[in-house]
Each structure stands twice: as C-alpha cells, then as structure tokens.
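So you can see what is in the structure, the chains are spelled out below.
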Amino acid sequence: MRKDIFTPKRKNYIEVGEIYFWTATIHQWQRLLSKDEFIQIVLNSLIYLSESGKVDVFAFVIMPNHIHIIWRIKELNGKETVQASFLKFSAHEFKKRLLLYNKNELENYKINASNKSYEFWQRDSLAIHLYTEKVANQKLDYIHYNPCAKHWALVKDPADYIYSTAKFYMSGEKNYSFIKDLRNEF
C-alpha cells in the first residue's frame, strides 16, 4: 500500500502522469479573458505545451475571468511545473499586450510585492485528481456547461461556445488540434 496516499497535498498539487481538473482565476475576478487577444494567449500557451510534449490537454473552457482545464502533465518544463510555466508565460504576455494597447487597464493588476509589480492570476489555483471515469465525466460536464450557467449566460448550448471543447465532445467536431479524447483514458 502506498504510504503517500494519506499525505495531505496542497490544493494545487499535480502529480506528473496523472489526469487533473485544474482551475486558474484572473486576479480579483477581473474579466481580462473577455477579450479575444487575451484568450489567444491562453490558447497559444496550451498549444505550445501540448506540441512540446509537456502536457496532454483533454478539455478546457476559457471564461471571462477564469479557465478550467482537464490535462495530464507529462514532464516538468525545465525546473518548473508546467502549470507554473503556463501562468508565468501568460502573465508576461498579458502585461506586454496591456503595455502596448491599454496601459490604464494594466493598473488594475498592480500589486505591492517584493517579487513582482503586477499579478494577473490569483494565487493557489485548484487541482482535482480525476481518479475515476465518473469523476472525470462530472468535471467534463462542469467545464462544458459553465458558459451556460445562469450568471454567465454566454450561450444556450455548450457546443456554441467557441472557447471550449464542448463541440468536440458533443458532436466530434475538433476545433482544436491539440485536444486528446478523455474518453479513451478510462
């Protein structure tokens, strides 16, 4: 019996080789990801990490102020965890974009910290290990129906939300080439 199974882990801990539901939220729930150019930064990062063999991405949704991803981290990105690299890279890209096109909005992310001046992602993202098919399907549904939630009302049908893998799982139409099918994992 594995002794480490009873060792408490941080809520953002991800074990390499396992499949997780992962959530990251924009600082103070601001709606930075309501703009296509910032959504594209997130997508480009997922594409890069997938194509470089660091992750398998099974599902995602990019909401106006947070993201949900189901993924498997395959290896570290140098000395960093992949999720840390993802957050750091996208934050740098968000900052560059705001410096170029909207310096006033950049001030919304200013913080008083010794190691950085801006914070785009809230600390302590959430990782939930998907240890059974049932749990995985629950999280898959949660991701895909998030844009339909009453407080968002972004679409009526999950497959109509373009920044999601819902269309792939509902109709087989693959809008994102880097997506792997979670149904093949259990």
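Residues numbered from 1 in each chain as written. Predicted model: local features only at pLDDT ≥ 70, side-chain atom pairs only at ≥ 80, totals over all residues. Heavy atoms only, no water.

Novice: I'd like a rundown of the pattern of salt bridges, residues and numbers included.
Specialist: Taken as a whole and judged by the stated rule, the model has 12 salt bridges. Between K54 and E75 there is a salt bridge, with the nearest N and O atoms lying 2.7 Å from each other. With K54 in the loop between helix 1 (36-51) and strand 2 (55-62) and E75 in the loop between strand 3 (66-73) and helix 2 (82-101), the pair connects residues that are 21 residues apart, well separated along the chain. On the accessibility criterion, K54 (13% relative accessible area) is buried. Here E75 falls in the partly exposed class, since its relative accessible area comes to 37%. Each of the salt bridges in this network shares a partner with another, and the network as a whole consists of D56, R72, K74, K180 and E185. (Salt bridge = Lys/Arg side-chain N within 4 Å of Asp/Glu carboxyl O. Helix = DSSP H or I, 4+ residues; strand = E, 2+ residues; numbered from the N terminus. Buried < 20%, exposed > 50% of the residue type's maximum accessible area, 1.4 Å probe, protein only.)

Novice: Account for unusual backbone geometry, with residues named and values stated.
Specialist: Despite not being glycine, Q28 has its phi angle at roughly 55 degrees, a positive value. In this fold, Q28 is placed in the loop between strand 1 (19-25) and helix 1. Of the residues examined, Q28 reaches a relative accessible area of 56% and is grouped as exposed. One non-glycine residue, W29, adopts positive backbone phi at about 55 degrees. Relative to the assigned elements, W29 resides in the loop between strand 1 and helix 1.

Novice: Outline the pairing of strand 2, supporting the account with residue identities and numerical values.
Specialist: Summarising burial for strand 2: eight of the eight residues are buried, a large majority. Here seven bridges tie strand 2 to strand 3, and the two strands are oriented antiparallel to one another. Counted as the bridge partner of A59 is I70 from strand 3. (Pairing = 2+ DSSP bridges.)

Novice: How would you summarise the packing of aromatic side chains if you had to cite specific residues and measurements?
Specialist: Tallying each qualifying case throughout the model produces 14 aromatic pairs. A ring pair is formed by F38 and F94, whose centres lie 5.7 Å apart and whose planes are at 70 degrees; its orientation type is edge-to-face. Highlighted residues: F38 in helix 1 and F94 in helix 2, separated in sequence by 56 residues. A single burial state applies to F38 and to F94, both of which are buried. (Phe/Tyr/Trp six-rings, centres within 6.5 Å; stacked < 30°, edge-to-face > 60°.)

Novice: Give a detailed account of the environment of H68, specifying residues and quantitative values.
Specialist: With respect to the helices, strands and loops of the structure, H68 is situated in strand 3. Looking at H68, the relative accessible area reads 4%, which means it is buried. For the pair H68 and L126, spaced 58 residues apart in sequence, the C-alpha separation works out to 9.4 Å. Setting aside its immediate chain neighbours within four residues, H68 contacts F21, W22, T23, A59, F60, V61, Y142, I143 and N146. A polar contact is formed between the side chain of H68 and the side chain of H66, at a distance of 3.2 Å. (Contact = heavy atoms within 4.5 Å. Polar contact = N/O pair within 3.5 Å; in protein donor to acceptor, adjacent residues only side chain to side chain.)

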